[in-house]
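Coordinates in review
Read off the chains here:
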Amino acid sequence: MTVDVTRRAPLADQAALFASLAPGLVVAERPFLTQLTVRVREGHDAVGAALGVPLPVRPCTFTSGTGPFGAVDVLWLGPDEWLVLGGPGVAEPAETALREAIGLGAVTDTSAQRTTVHLAGPAVRDVLAHGCAIDLDPAVSPPGTCVQTLLARTGIVLLVREHDEFTVLVRQSFAPYFAAWLADAAAEYTEERP
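A separate point is the pattern of salt bridges. Counted by the stated rule, this structure contains seven salt bridges. Measuring nitrogen to oxygen at the nearest pair gives 3.8 Å for the salt bridge that ties Asp-80 to Arg-41. Residue Asp-80 is located in the loop between strand 4 (70-78) and strand 5 (81-86), and its partner Arg-41 is located in the loop between strand 2 (34-40) and helix 2 (44-51); the two are separated by 39 residues in the primary sequence. Arg-41 gets classed as exposed once you look at its relative accessible area, which sits at 68%. Two residues, Glu-95 and Arg-99, come together in a salt bridge whose shortest N-O distance is 2.7 Å. Of this pair, Glu-95 and Arg-99 both sit in helix 3 (residues 91-101), four residues apart, roughly one helical turn. For Glu-95, a relative accessible area of 17% translates into the label buried. Overall, the relative accessible area of 46% leaves Arg-99 in the partly exposed class. Each member of the salt-bridge network shares a partner with another, and the members are Arg-39, Arg-41, Asp-80 and Glu-81.

As a rule of thumb, non-glycine residues mostly have phi less than zero, and peptide bonds are mostly trans rather than cis. Phi at Cys-60 is positive, roughly 60°, even though this residue is not glycine. As for its placement among the helices and strands, Cys-60 is situated in the loop between helix 2 and strand 3 (62-67). Under the relative-accessibility criterion, Cys-60 is labelled partly exposed at 37%.

Moving on to the sheet that holds strand 2. An order of 3-4-5-2-6 is seen for the five strands of this open sheet, with the pairing classed as antiparallel. One side of each edge strand has no neighbouring strand; the edge strands of this open sheet are strand 3 and strand 6 (105-109). The sheet shows a mean angle of 20° between the axes of neighbouring strands, direction not considered. In this structure, strand 4 lies alongside strand 5, joined through six bridges in antiparallel fashion.

Within the structure shown, the criterion is met by one cavity of 30 Å³ or more. If you add up the space inside the largest cavity, you get close to 40 Å³. Lining the largest cavity are Thr-34, Leu-36, Leu-51, Phe-69, Val-72, Val-84, Leu-85, Gly-86, Val-90 and Ala-94. When residues of the lining of the largest cavity are traced back to their parent elements, those giving at least two are strand 2 and strand 5. For the lining of the largest cavity, the element with the highest residue contribution is strand 5, accounting for three residues. Tallied by class, the residues present in the lining of the largest cavity amount to eight nonpolar, two polar and no charged.

Rules used throughout
- Residues numbered from 1 in each chain as written.
- Predicted model: local features only at pLDDT ≥ 70, side-chain atom pairs only at ≥ 80, totals over all residues.
- Heavy atoms only, no water.
- Salt bridge = Lys/Arg side-chain N within 4 Å of Asp/Glu carboxyl O.
- Helix = DSSP H or I, 4+ residues; strand = E, 2+ residues; numbered from the N terminus.
- Buried < 20%, exposed > 50% of the residue type's maximum accessible area, 1.4 Å probe, protein only.
- Pairing = 2+ DSSP bridges.
- Axes fitted to C-alpha atoms, helices over the stretch in contact; angles between N-to-C directions.
- 1 Å grid on protein atoms, 1.4 Å probe; cavity = no way out; pocket = protein on both sides within 12 Å on 5 of 7 lines; lining within 4 Å.
- Points joined across faces, edges and corners; volume = space filled by probe spheres on them.
- Nonpolar A, V, L, I, M, F, W, Y, C, P; charged D, E, K, R; others polar.

Any functional reading would require information that these geometric values do not contain.
Shown next, in the form of structure tokens:
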């Protein structure tokens, strides 16, 4: 008996829905990203050196850069907890390098836990405001901000990339609900299309 192990993106069926959203809103799933949860109290510099990207030291921020595992974002999730986001397929070598870099701590591959959705456009802040209690005004949440919060009663991690550009990490089991909510929240910004 042969088992089909083809990976399927959680929002693969939503591409047409995302394309039909408001002209001022661009939505794209970025599935299968590497996600490593790092818990460490000491040795921050060694972890940063292994990644080629320093760990953020300010709460609710993230750092970005390119290192031995390609483009990487490192998110501050708590006083001794970070989430490393990298491209697909680098989980194993990055996890090995991080384990070697830290003395006392833990590295856990959480890549299968969430999918990643890129949101951009002039309507994105207004759409997100429909279900997010975080103040997304650029003066309060400038680029480089990341928070764990609820969006329409769904736990997410939200990264503010640029003025009108965000990344949302949503649990895979909630991804279809998130897509449906997003379409509903964006409906008032959708203009009639020919």
